[in-house]
Amino acid sequence: MTTSAAPGHAAAETTESSEPSKVEAPNASVLEHEYDGIREYDNPLPGWWVYTFWASFVFSVGYLFHFHVSGNGESVAEAYETDMASAREERAKQAHGQKVTEEGLAQLSQDPALMADAQAIFGQRCVMCHGARGEGGIGPNLTDGSFIHGSGSLLDIYATVSNGVPAKGMPAWSLQLTPMQVSELAALVGTFQGKNLPGKAPEGTPMNAR
Ligand code: HEC
């Protein structure tokens, strides 16, 4: 925006009473208002500026919708968390070795971050049948130390989670999850033992009776 100051400004400073002479507009596009003899041209903003403004406005609406309304957008923090989870899985996979062993599974249960990942999978895949904390529902209570299948060892739990019990409605998770995720879940179910949460009554044989 251009302002056109009245000439004779210096004179106005020294002699207060003398009115600064009005400047006649060189063309018609001078705005109506006038302050202390200062008048303003009506200069439109450059086209590129206006287009950039509207383009960023339209973009912001799409951005807002993608990240804050639709829930599809992954924030930087979420992307970081996803990357960290797969890095933990990778690290655990190396520590775990190729073969699933009781010791390897026990080791996984010692890693709190990995168990938090497993708990998240449990929240998505298992709670509808086994309850939020494994206390049971459609499926048996996983915290009571009693098992229908196997001895309750981590390897036996791994086998049940991996193969499922299709006839009874327990899905075979090896079909839907990676072997590492099945290992993590077996380790997680291992950490439930001894909690004895009130829920579904114990089924099968108590571990310590074997
Ligand atoms: C659709 C329901 C359903 C879902 C989902 C489900 N389960 Fe099960 N689960 C069952 C049922 C039913 C049984 C009992 C099978 C039987 O009676 O032989 C069972 C049994 C088990 C057992 C063996 C318990 C025992 O007493 O031997 C384990 C361990 C287990 N589930 C873990 C899981 C895990 C981990 C997940 C998630 C990845 C999961 N389940 C998801 C229904 C489900």
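Below or above, wherever it landed, is the structure these notes cover.

What counts as what
Residues numbered from 1 in each chain as written. Predicted model: local features only at pLDDT ≥ 70, side-chain atom pairs only at ≥ 80, totals over all residues. Helix = DSSP H or I, 4+ residues; strand = E, 2+ residues; numbered from the N terminus. Buried ≥ 20, exposed ≤ 12 C-beta atoms within 10 Å, placed from the backbone. Contact = placed C-beta atoms within 7 Å. Near = placed C-beta within 6 Å. Nonpolar A, V, L, I, M, F, W, Y, C, P; charged D, E, K, R; others polar. Pairing = 2+ DSSP bridges. Axes fitted to C-alpha atoms, helices over the stretch in contact; angles between N-to-C directions. Left-handed = near helix turned anticlockwise from the far one by under 90°. Core = buried A, V, L, I, M, F, W, Y, C linked by C-beta atoms within 7 Å.

### What to know about the overall build of the protein chain
Here is step 1 of the chain: Counting its regular elements, the protein chain contains 8 helices and 5 strands.
Here is step 2 of the chain: Counting helices and strands in the order they occur from the N terminus, the protein chain gives β-α-β-β-α-α-α-α-α-β-α-α-β.
Here is step 3 of the chain: Counting every position in the protein chain, which comprises 210 residues, the buried fraction comes to 18%.
Here is step 4 of the chain: Summarising the internal contacts of the protein chain: among those between residues at least 6 apart in sequence, 60% fall at separations of at least 24.

### Regarding the site of the ligand
Here is step 1 of the chain: Neighbouring residues of the ligand: 25 residues in total, closest Cys126, Cys129, Gly139, Lys168 and Met170.
Here is step 2 of the chain: Breaking the shell around the ligand down by element, the ones donating at least two residues are α6 (127–130), α7 (154–163) and α8 (179–192).
Here is step 3 of the chain: Per-class residue counts for the shell around the ligand are 16 nonpolar, 6 polar and 3 charged.

### Quick look at the pairing of strand β2 (residues 30–35)
Here is step 1 of the chain: Among the 6 residues that make up β2, 0 are buried, leaving the element largely open to the surroundings.
Here is step 2 of the chain: Examined bridge by bridge, β2 and strand β3 (residues 38–41) share 3 bridges and lie antiparallel to one another. When the sheet's bridge partners are listed, Glu34 is paired in β3 with Arg39.
Here is step 3 of the chain: Between β2 and β3, which pair antiparallel and follow one another directly, the connecting turn spans 2 residues, one of which, Asp36, has a positive phi of 50°.

### Let's talk about the packing of helix α3 (residues 76–96) against helix α5 (residues 112–125)
In a pair of packed helices, the angle between the axes and the distance between the axes together describe the arrangement.
Here is step 1 of the chain: Across the interface, α3 lies against α5 with an axial gap of 10 Å and an inter-helix angle of 115°. Seen along the crossing, α3 lies across α5 with a hand that is left-handed. When α3 is examined against α5, the residues Ala85, Arg88 and Ala92 are found in contact with a partner set consisting of Ala113, Leu114 and Asp117.
Here is step 2 of the chain: For the contact of α3 with α5, the residue count by class is 4 nonpolar, no polar and 2 charged.

### Let's talk about the nonpolar core
Here is step 1 of the chain: Residues Tyr158, Val161, Leu185, Ala186, Ala187 and Val189 are the most contacted members of the largest nonpolar core, which totals 20 residues.
Here is step 2 of the chain: Counting only elements with at least two residues in this core, the list comes to α4 (102–108), α5, α7 and α8.
Here is step 3 of the chain: With 7 residues, α8 is the largest single contributor of residues to this core.
Here is step 4 of the chain: With residues near it in sequence (within four places) discarded, Leu185 still touches Ala118, Ile121, Phe122 and Val161.

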